[in-house]
Amino acid sequence: MIKIKDILNLEKIQEFQSQELQKLQEPNGTIRLLTAEKIEAYTNHKMAGLQNGEILAISIGGKFNVKYHKGFYYSANNFGFSAKDGVDLRFMRYYFINYHDKLQDFIVTGK
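Calculation criteria
- Residues numbered from 1 in each chain as written.
- Predicted model: local features only at pLDDT ≥ 70, side-chain atom pairs only at ≥ 80, totals over all residues.
- Heavy atoms only, no water.
- Buried < 20%, exposed > 50% of the residue type's maximum accessible area, 1.4 Å probe, protein only.
- Helix = DSSP H or I, 4+ residues; strand = E, 2+ residues; numbered from the N terminus.
- Arc of directions from axis to C-beta.
- Polar contact = N/O pair within 3.5 Å; in protein donor to acceptor, adjacent residues only side chain to side chain.
- Pairing = 2+ DSSP bridges.
- Salt bridge = Lys/Arg side-chain N within 4 Å of Asp/Glu carboxyl O.
- Contact = heavy atoms within 4.5 Å.

Asks: Give me the lowdown on helix H3 (residues 89-98), citing residues and values where you can.
Replies: Within H3 the residues assigned to the buried category are Leu-89, Met-92 and Phe-96. Taken around the axis of H3, the buried residues stretch over an arc of 50°, which confines them to a single face. Turned more than 90 degrees away from the buried face of H3, the exposed residues are Phe-91, Tyr-94 and Asn-98. Regarding H3, its N-cap is Asp-88, as a side-chain oxygen of that residue lies 2.9 Å from the backbone nitrogen of Arg-90 further along.

Here it is, written out as structure tokens:
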């Protein structure tokens with residue numbers, strides 16, 4: 001059996017409060033705001049904590065949500081995962097979405 005830890009790395013990413021990032025939203029932004037909400041949000045505001053890379057963000061506050069992003073981003077209320085060699089994070093996003101109900105209970109409520 002393959003375990004998540006065998007194919008993904010849990011990344012240490014600077015986290016912001018979701019409300020902080022929501023205030024930064026701009027209609028033509030290029031930096032992704034990875035919040036727990038199921039919205040596509042961007043900004044052009046640069047501040048400490050700006051991250052860059054390929055990430056699979058899984059929300060840890062509220063409802064289960066999985067987002068894939070490659071590029072610059074800020075994160076709020078997420079676990080951040082990077083891929084180990086040979087793993088496609090876009091595919092892993094769909095894998096997590098398929099197990100939505102089971103993961104909702106485990107990740108969000110700890111059951």
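Asks: Help me get a handle on the pairing of strand S4 (residues 51-59), residues and values and all.
Replies: Pairing analysis gives eight bridges linking S4 to strand S5 (residues 66-75), with the strands arranged antiparallel. The partner of Glu-54 across the bridge, within S5, is Lys-70. Pairing of S4 with strand S6 (residues 78-83) involves four bridges; the strand directions are antiparallel. Residue pairing for S6: Leu-56 is matched across the bridge by Phe-81.

Asks: An account of the pattern of salt bridges is needed here, citing residue identities and associated values.
Replies: A full pass over the atoms with the stated rule returns two salt bridges. With its nearest N and O atoms 3.1 Å apart, the salt bridge here joins Arg-32 to Glu-40. Look at Arg-32 and you get buried, because its relative accessible area is 4%. Judged by its relative accessible area of 56%, Glu-40 is exposed. Across the pair Asp-88 and Arg-90 runs a salt bridge, and its minimum N-O distance is 3.2 Å. Taking the relative accessible area as the measure of exposure, Arg-90 reaches 47% and is therefore partly exposed.

Asks: Would you mind going over the side chain of Asn-78 in detail, with residue names and values included?
Replies: Within the fold, Asn-78 resides in strand S6. Taking relative accessible area as the criterion, Asn-78 reaches 6% and is therefore assigned buried. Of the polar contacts made by the side chain of Asn-78, one reaches the side chain of Ser-75; its length is 3.1 Å. Among the polar contacts made by the side chain of Asn-78, one reaches the main-chain carbonyl oxygen of Ala-76 at a distance of 3.0 Å. If we ignore the near neighbours within four places in the chain, the residues touching Asn-78 are Ile-13, Glu-15, Leu-34, Thr-35, Ala-57, Ile-58, Ser-59 and Ile-60.

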